[in-house]
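For reference, the chains in residue letters:
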Amino acid sequence: MYCNLLKSIKIGNLELKNRVSFAPTSMGLNLEERIDKFCKIAKSGVALITIGDVSVRSSFHKMALSLSNEDGIREYKKIVDAIHDSGAKVSAQIFCSDYDMNLIRNTMKLGITSHDEIKKIMDDGVKDYVTNMPKEEIKNIIEMFRVTTLNAKKAGFDMIQIHGDRLIGSFSSSIYNSRIDEYGGSCDNRSRFASEIISSIRNDIKDIPIDYKLAVRQENPHYGNAGVLFCEVEHFVKKFESLGVNSFHVTLANHSKLEDTIPVNNHPYFKDEGCFLYLADEVKKHTILPVCGVGKLSSPDFIENVISNNRVDMVAMSRQLLADSDWLQKVREGRVDDIKKCCYCNKKCADALQTHSQFGCILD
Ligand SMILES: Cc1cc2nc3c(=O)[nH]c(=O)nc-3n(C[C@H](O)[C@H](O)[C@H](O)COP(=O)(O)O)c2cc1C
């Protein structure tokens, strides 16, 4: 029963004990509460936990840790050690925001404090930020990714995930990137920023497995503004593979509405279980590297099926593991009927992050 889901897999030089991972999930919780949540999920037997949004910049917000300095390394090491003690491997999702920090500061100086208003100003500023970013700043950020990966190693992380959405996704997207230099225009030019990040990490740190979160834009109907078009997937995947990426994590591109990348139960388009797997199917056509699927995955039978049919090599779950951290233990023990099924309401997870209210799950 579930023998494919429970089979080990290698990503680069990293052996994972099964095919189930906790998807990158930022939580509005303090360090101790976060560690507690991660450890519960790890103890149920999940092979890999990916820590979401590990910033390459020093923290702007007090809840957000950064791996850019010694303090951050110390704090992240506490998380990593606790997860290792609970039996799982840990990946750091290395991330750079595409919000212009100067615009944030200026907006705040104007006395604007409404979260929605600030978010709109930031979202509207992405195109100018990406298009006008000086080359010197591009080089700085590439260097920050390299240093942050070195720091991730120091903190004991087993792997990194390059967050190919947000700033990298915006550079990749013709919607946000209107540059007329070698970082804009053709598909090859728009993949240059990500490629230089991958190369600078790989050239300096030979042995760390690199997972790439590839964010794909959906057209007709249109969902997601960052990321790459379906027809551009082949170019990006082959290029990144040639530069030393070890696996892909595939999902819908961001920068439309969070309800699309974290779709609610009655979403008009992304309704079904495995709603983003059609994007992973496209990646699978162009690589032999392991591909991880994500998006409304919860039923063990469905997951066993997509892995045994070779649609994906691994799965990542966020909300289902928030709803029931014992998911994998129940699967292993054949207690599938005891699983608390996520109803994808988003009320106490994704929505709570937006409204800064108590983070958790309505099923807790
Ligand atoms: C509360 C919450 C926080 C999230 N934070 C991140 C994040 O930091 N980085 C990221 O790439 N995705 C993040 N996601 C998206 C998930 O990784 C995942 O792609 C999405 O929730 C769909 O998977 P699911 O249906 O299993 O929840 C978050 C999702 C949730 C629910």
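For the structure, see preceding data.
Procedures and definitions
- Residues numbered from 1 in each chain as written.
- Predicted model: local features only at pLDDT ≥ 70, side-chain atom pairs only at ≥ 80, totals over all residues.
- Heavy atoms only, no water.
- Salt bridge = Lys/Arg side-chain N within 4 Å of Asp/Glu carboxyl O.
- Helix = DSSP H or I, 4+ residues; strand = E, 2+ residues; numbered from the N terminus.
- Buried < 20%, exposed > 50% of the residue type's maximum accessible area, 1.4 Å probe, protein only.
- Near = heavy atom within 4 Å.
- Polar contact = N/O pair within 3.5 Å; in protein donor to acceptor, adjacent residues only side chain to side chain.
- Areas by Shrake-Rupley, 256 points an atom, 1.4 Å probe, with all protein chains shown as cover.
- Core = buried A, V, L, I, M, F, W, Y, C linked by side-chain atoms within 4.5 Å.
- Phe/Tyr/Trp six-rings, centres within 6.5 Å; stacked < 30°, edge-to-face > 60°.
- Lys NZ or Arg CZ within 6 Å of the ring centre and 35° of its normal.
- Arc of directions from axis to C-beta.
- Contact = heavy atoms within 4.5 Å.
- Expected span 1.5 Å × (residues − 1).
- Axes fitted to C-alpha atoms, helices over the stretch in contact; angles between N-to-C directions.
- Parallel < 35°, antiparallel > 145°, perpendicular 65-115°, else oblique.
- Left-handed = near helix turned anticlockwise from the far one by under 90°.

Colleague: Any chance you could explain the pattern of salt bridges here in plain terms?
Modeller: Between side chains of opposite charge, a pair can form as their charged atoms come close. Applying the stated criterion across every chain, the model contains 24 salt bridges. One salt bridge connects Lys-77 with Asp-81, and the closest N-O pair in it is separated by 2.8 Å. Separated by 4 residues within a single helix, Lys-77 and Asp-81 lie in helix H2 (residues 70–85), roughly one turn from each other. Exposure remark for Asp-81: the relative accessible area of 30% places this residue in the partly exposed category. Linked through salt bridges whose partners overlap, the residues forming this network are Glu-143, Arg-146 and Asp-204.

Colleague: I keep staring at the site of the ligand and nothing clicks. Help me out?
Modeller: The ligand sits among 22 residues. The nearest are Pro-24, Ser-26, Lys-213, Lys-296 and Arg-319. At 2.7 Å, a side-chain N or O of Gln-93 approaches an oxygen atom of the ligand. Arg-319 is positioned such that a nitrogen or oxygen atom in its side chain is 2.7 Å from an oxygen atom of the ligand. For the ligand, whose accessible area on its own is 600 Å², the fraction buried by protein is 95%. Contributions of two or more residues to the shell around the ligand are made by strand S4 (48–55) and helix H15 (350–355).

Colleague: Help me out: how do you make sense of the nonpolar core in this one?
Modeller: Grouped burial of nonpolar side chains is what soluble globular proteins tend to show. Counting residues in hydrophobic clusters, the biggest one holds 102 residues, and the most contacted among them are Ile-51, Phe-157, Phe-193, Tyr-212, Leu-214, Phe-248 and Trp-327. Core analysis: the second largest hydrophobic core is formed by 12 residues, Ile-9, Ala-47, Val-294 and Met-314 among them.

Colleague: Can you help me understand the packing of aromatic side chains in this one?
Modeller: Given two aromatic rings, their pairing is described by the distance between the two centres and the angle made by the two planes. The tally for this structure, following the rule as stated, stands at 11 aromatic pairs. On the basis of an interplanar angle of 65° and a centroid distance of 6.5 Å, the ring pair of Tyr-212 and Phe-248 is categorised as edge-to-face. With Tyr-212 in strand S7 (residues 210–217) and Phe-248 in strand S9 (residues 247–252), this residue pair connects regions lying 36 residues apart in the sequence. As far as burial versus exposure is concerned, Tyr-212 and Phe-248 are alike and both buried. Positioned above the aromatic ring of Tyr-99 is the side chain of Arg-166, whose terminal nitrogen or guanidinium carbon lies 4.8 Å from the ring centre.

Colleague: It is not clear to me how helix H3 (residues 101–109) should be interpreted in this structure. Could you clarify?
Modeller: The periodicity of an α-helix, 3.6 residues per turn, causes residues three or four positions apart to be oriented the same way. All buried positions along H3 are accounted for by Met-101, Ile-104 and Thr-107. Down the axis of H3, the sector holding all buried residues measures 125°, keeping them to one side. Contact partners of the buried residues in H3: helix H4 (115–132). The backbone nitrogen of Asn-102 has a side-chain oxygen 3.0 Å away, supplied by the residue at the start of H3, namely Asp-100. One or two residues past the end of H3 sits Gly-111, with phi positive at roughly 85°.

Colleague: It is not clear to me how the side chain of Thr-261 should be interpreted in this structure. Could you clarify?
Modeller: As for its placement among the helices and strands, Thr-261 is situated in helix H10 (residues 258–261). We classify Thr-261 as buried; its relative accessible area is 15%. Aside from chain neighbours lying at most four places away, what touches Thr-261 is Leu-252, Ala-253, Asn-254 and Phe-276.

Colleague: Just to check I follow, could you spell out helix H1 (residues 31–43) for this structure?
Modeller: Compared with an ideal rise of 1.5 Å per residue, which puts 13 residues at 18 Å, H1 spans 18 Å between its outermost C-alpha atoms and is within 8% of the ideal. For H1, the set of buried residues is Leu-31, Arg-34, Ile-35, Lys-37, Phe-38, Cys-39, Ile-41 and Ala-42. N-cap assignment for H1: the residue whose side-chain oxygen lies 3.2 Å from the backbone N of Glu-32 is Asn-30. Positive backbone phi, approximately 110°, marks Gly-45, located one or two places after H1.

Colleague: It is not clear to me how unusual backbone geometry should be interpreted in this structure. Could you clarify?
Modeller: Note on backbone geometry: most residues besides glycine have negative phi, and most peptide bonds are trans. Pro-221 follows Asn-220 through a cis peptide bond whose omega is 0°. With respect to the helices and strands, Pro-221 occurs in the loop between S7 and strand S8 (228–229). Located in the positive-phi region is Tyr-2, a residue other than glycine, with phi close to 55°. Within the secondary structure layout, Tyr-2 lies in the segment before strand S1 (9–11). Phi at Asn-220 is positive, roughly 55°, even though this residue is not glycine. Relative to the elements of secondary structure, Asn-220 occurs in the loop between S7 and S8. Judged by its relative accessible area of 74%, Asn-220 falls in the exposed class.

Colleague: I would appreciate a short explanation of the packing of helix H5 (residues 135–155) against helix H8 (residues 192–204) in the present structure.
Modeller: Closest axis-to-axis distance for the H5/H8 pair is 9 Å, and the angle between their directions is 40°. If you check the angle between H5 and H8, you find them oblique. For the pair H5 and H8, the sense of crossing is right-handed. Of H8, the residues touching H5 (which contributes Ile-138, Lys-139, Ile-141, Ile-142, Phe-145, Arg-146, Thr-149 and Leu-150) are Phe-193, Glu-196, Ile-197, Ser-200, Ile-201 and Asp-204.

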